[in-house]
Amino acid sequence: MTTEYTLGLAFAHTSDGLPVVLLIQKGEGRPHAGCWNGLGGKLHPGEQLAHGMNREFREESGIDVAPADWLYFGILEGIGWRVHLFAHQMAPEKSLDLGLYAHRKHAGSKEPIAWICVRDVMGERIKVTPDLPVLLFLATRALHCASRNEPVLYARMSHFALDAAKGAE
C-alpha cells in the first residue's frame, strides 16, 4: 500500500522585492531532522489532493490558501510512498515582514516555520532536505509558466533506486 503525502511551496516577496519561500524545519526523530523543507503532510483517506494541501498548510502555518489556488506540478515517489507537489504565489500586494515569521511556531505546528530567501536555499546557505533545491526550481518554473498562460511542466521523480539501495544495506 502506498502512503500519500502533500508538499507545498508558497512563495512571496518582501517589501523590498526579495523572493522568499515559506519553509518548516523538520523536528527530531523525523527523516532529515533539522533540515528545512516545504510544508505538507499525510493525506486523509479519500481526501482530494488540493484540499489535503490546503489543510496541511493551514495547520502548519495558520495561512489559508484556497485549494484552487495551489498549482499541482508533480509527484515525488519511492517504495510505499508518494508526495504530491504543489506551488503557490502569494498575492503581490501582500508584502511581508520577515521578522513576523522568523523561526516561529504556529499553534497547530510543533516545528518552526520561516520565510526564507530563495537564494539562501539555492546557494546552500541553510540546511535543507536533499530534494528541496530542485523542487524550488521546478515550482518557480511552473508558477512562471502558469502566470503567462503557458503549458506547465509536470514533474515525476522517483526514489525507487535509492530506496532499494537502502533496503540492501
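Provided above is the structure to which this section pertains.
Residues numbered from 1 in each chain as written. Predicted model: local features only at pLDDT ≥ 70, side-chain atom pairs only at ≥ 80, totals over all residues. Heavy atoms only, no water.

Enquirer: Explain the packing of aromatic side chains here, please?
Expert: Any aromatic ring pair is given by two values, namely how distant the centres are and how the planes are angled relative to each other. Scanning the model with the defined rule gives four aromatic pairs in all. A centroid spacing of 6.4 Å and a plane angle of 80 degrees characterise the contact between Trp70 and Phe86, whose relative ring orientation is edge-to-face. With Trp70 in the loop between α1 (49-61) and β5 (71-78) and Phe86 in strand β6 (residues 81-89), this pair connects stretches of sequence that are 16 residues apart. The same class applies to Trp70 as to Phe86, namely buried. Among the aromatic residues, those joined into a ring-pair cluster are Phe57, Trp70, Tyr72, Phe86 and Tyr154. (Phe/Tyr/Trp six-rings, centres within 6.5 Å; stacked < 30°, edge-to-face > 60°. Helix = DSSP H or I, 4+ residues; strand = E, 2+ residues; numbered from the N terminus. Buried < 20%, exposed > 50% of the residue type's maximum accessible area, 1.4 Å probe, protein only.)

Enquirer: Would you explain the layout of surface pockets in this entry?
Expert: To find leftover empty space, one rolls a probe the size of a water molecule over the atoms. In this model, the second largest pocket occupies a volume close to 160 Å³. What lines the second largest pocket is simply Met1, Thr2, Thr3, Glu4, Lys42, Leu43, His44, Pro45, Gly46 and Glu47. Its residues assigned to classes, the lining of the second largest pocket shows three nonpolar, four polar and three charged. (1 Å grid on protein atoms, 1.4 Å probe; cavity = no way out; pocket = protein on both sides within 12 Å on 5 of 7 lines; lining within 4 Å. Points joined across faces, edges and corners; volume = space filled by probe spheres on them. Nonpolar A, V, L, I, M, F, W, Y, C, P; charged D, E, K, R; others polar.)

Enquirer: Any chance you could explain the environment of Ala91 here in plain terms?
Expert: For Ala91, the position within the fold is in the loop between β6 and α2 (98-101). In this structure, the C-alpha to C-alpha distance between Ala91 and Ala12, residues 79 residues apart in sequence, is 7.4 Å.

Enquirer: I would appreciate a short explanation of the pairing of strand β7 (residues 113-117) in the present structure.
Expert: Walk down a regular strand and you will see the side chains alternate between the two sheet faces. Among the five residues of β7, five are classified as buried, and the element is accordingly described as predominantly covered. Side chains of β7 alternate between two faces, with Ile113, Trp115 and Cys117 and Ala114 and Ile116 buried alike. Bridging between strand β2 (residues 19-25) and β7 involves five bridges; their strand directions are antiparallel. Bridge pairing in β7 places Leu22 opposite Trp115. (Pairing = 2+ DSSP bridges.)

Enquirer: Can you walk me through unusual backbone geometry in this structure?
Expert: Trans is the prevailing form of peptide bonds, just as negative phi is the prevailing case for residues other than glycine. Positive phi, normally seen in glycine, also occurs at His32, with a value near 60 degrees. You can see His32 is positioned in the loop between β2 and β3 (36-37). The class for His32 is partly exposed, based on a relative accessible area of 42%. Not every positive phi belongs to a glycine, and Asn149 is a case in point at roughly 55 degrees.

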